[in-house]
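# Architecture at a glance
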Amino acid sequence: MATEEERDGVRLSSLDSPLGDGLEVTKRDLVDHLDAFADRLVPLLSGRPLTVKRVRPGAAAFIQRDVPKGAPEWVRTVPTWSDRAHREVHQVLCEDRRTLLWLANQRAVELHVPFGRVGEEQPTGLVLDLDPPEDGDFAGVVATALLARRALADAGLAGAVKTSGSTGLHVVVPVHGSPVEDVAAATRALAARTAALDPELATTAYVVAERGGRVFVDSTRSGRGTIAVAYSPRVRPGLPVSAPVTWAELADWDDASGVRPGDVTVAGAAERFAGRDPWADAQPEPQELPADLVAEGHTIPVARVAAMHEGKRRARAAREAGA
């Protein structure tokens, strides 16, 4: 079996070698999946600075924002500031199938983008990221997603839902007409309203120890955060895919046969979604955020920042007690 090919002018190497340690797939499996979904992935990636999670045999998976050295001259990039690296980096813009294939050859498994496009000030969406508690009870995530839908409807909004491909669900809401800070604030308000519908099931507590076995409604990926796009694989055994699901599927969900994040993998995604783009079909038209929702969100502290200050306060208290 050939281990090298060329597609769309991109030389693909070591196709039949293991993709990475413990992933149970070959590099060809990744390449074939991204190629099969190129027509659906490129519109989700185009114009957005790309962050990838790459793998290599014999090494741990790693996040990469800066374009790798030796990238072809036709790979488009955009300069952005990296707070982590404290310098300017050049992030890839995946505008076509050729760039997607080159990324696949780089063993770029996960594809994450912000809600903002290059040159535009207003985000195109927001997300409520629903994570199960440590016991992994997915039934609670499904129930929380339905609460999120109710909170959206109460605010006059609508969203689409997909598996994260990891352990939870993403409720995505297309929006327009608001700056980054207002979109982030509205996301905090929606998260708080979702949790308030059933405080014994869901929480916005950022610190794991404070969640009490409840589903975490994470609002921190909106604003300037990123999200794994629909149809992106995730770095887990078998390479599960972030897959669209319908609200009807969640409403009828049961523990025996209901959809779960690991159900769709690179091995079966192309057949499951052959000729279809259910994620595009499920998207509501972009919506304006209600003023009261935005105002409410601005009264809610950013979860990560609040957790950081609380951690510092507790550490200071512990030091003083010890002294």
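Structure: above.
Residues numbered from 1 in each chain as written. Predicted model: local features only at pLDDT ≥ 70, side-chain atom pairs only at ≥ 80, totals over all residues. Heavy atoms only, no water.

### Comments concerning the sheet that holds strand 4 (residues 59-64)
- Read across the open sheet, the 4 strands follow the order 4-3-7-13; overall the sheet is antiparallel. Strands with a single pairing partner mark the edges of an open sheet, and in this sheet they are strand 4 and strand 13 (226-228). Neighbouring strand axes in the sheet, compared pairwise and without regard to direction, differ in orientation by 25 degrees on average.
- As paired strands, strand 7 (residues 108-114) and strand 13 are joined by 3 bridges and run antiparallel to one another. Note that in strand 13 the partner of Pro 114 across the bridge is Thr 226. (Pairing = 2+ DSSP bridges. Helix = DSSP H or I, 4+ residues; strand = E, 2+ residues; numbered from the N terminus. Axes fitted to C-alpha atoms, helices over the stretch in contact; angles between N-to-C directions.)

### Considering empty space enclosed by the protein
- Applying the stated criterion across every chain, the model contains 2 cavities of 30 Å³ or more.
- Of the pockets and cavities examined, the largest cavity occupies roughly 70 Å³.
- Looking at the largest cavity, the residues that line it are Leu 50, Val 52, Arg 54, Gln 64, Arg 65, Asp 66, Val 67, Pro 68, Val 92, Trp 102, Leu 103 and Gln 106.
- Those elements that place two or more of their residues in the lining of the largest cavity are strand 3 (51-56) and helix 3 (97-105).
- Class assignment of the residues belonging to the lining of the largest cavity gives a composition of 7 nonpolar, 2 polar and 3 charged.
- Reported here for the second largest cavity is a volume of approximately 40 Å³. (1 Å grid on protein atoms, 1.4 Å probe; cavity = no way out; pocket = protein on both sides within 12 Å on 5 of 7 lines; lining within 4 Å. Points joined across faces, edges and corners; volume = space filled by probe spheres on them. Nonpolar A, V, L, I, M, F, W, Y, C, P; charged D, E, K, R; others polar.)

### A few points about the side chain of Glu 110
- As for its position among the elements, Glu 110 is in strand 7.
- Taking relative accessible area as the criterion, Glu 110 reaches 5% and is therefore assigned buried.
- A distance of 2.8 Å separates a polar atom in the side chain of Glu 110 from the backbone nitrogen of Val 235.
- In contact with Glu 110, not counting residues within four places along its chain, are Thr 51, Val 52, Lys 53, Ser 232, Pro 233, Arg 234 and Val 235. (Buried < 20%, exposed > 50% of the residue type's maximum accessible area, 1.4 Å probe, protein only. Polar contact = N/O pair within 3.5 Å; in protein donor to acceptor, adjacent residues only side chain to side chain. Contact = heavy atoms within 4.5 Å.)

### Some thoughts on helix 1 (residues 27-36)
- By the criterion of burial, helix 1 is predominantly enclosed, with 7 of the 10 residues buried.
- Within helix 1, the full set of buried residues consists of Lys 27, Arg 28, Leu 30, Val 31, His 33, Leu 34 and Asp 35.
- Where helix 1 is buried, its residues contact strand 1 (5-7), strand 2 (10-12), helix 2 (38-45), helix 3, strand 7 and helix 7 (269-272).

### Some remarks on the nonpolar core
- One finds Leu 19, Leu 41, Leu 45, Leu 50, Leu 100, Leu 111 and Leu 239 to be the most contacted residues of the largest nonpolar core, which totals 44 residues.
- Where this core is concerned, the elements lending two or more residues are strand 2, helix 1, helix 2, strand 3, helix 3 and strand 7.
- The greatest single-element share of this core, amounting to 5 residues, is contributed by helix 3.
- One finds Ala 145, Val 173, Val 217 and Leu 293 within the second-largest nonpolar core, a separate group that totals 33 residues. (Core = buried A, V, L, I, M, F, W, Y, C linked by side-chain atoms within 4.5 Å.)

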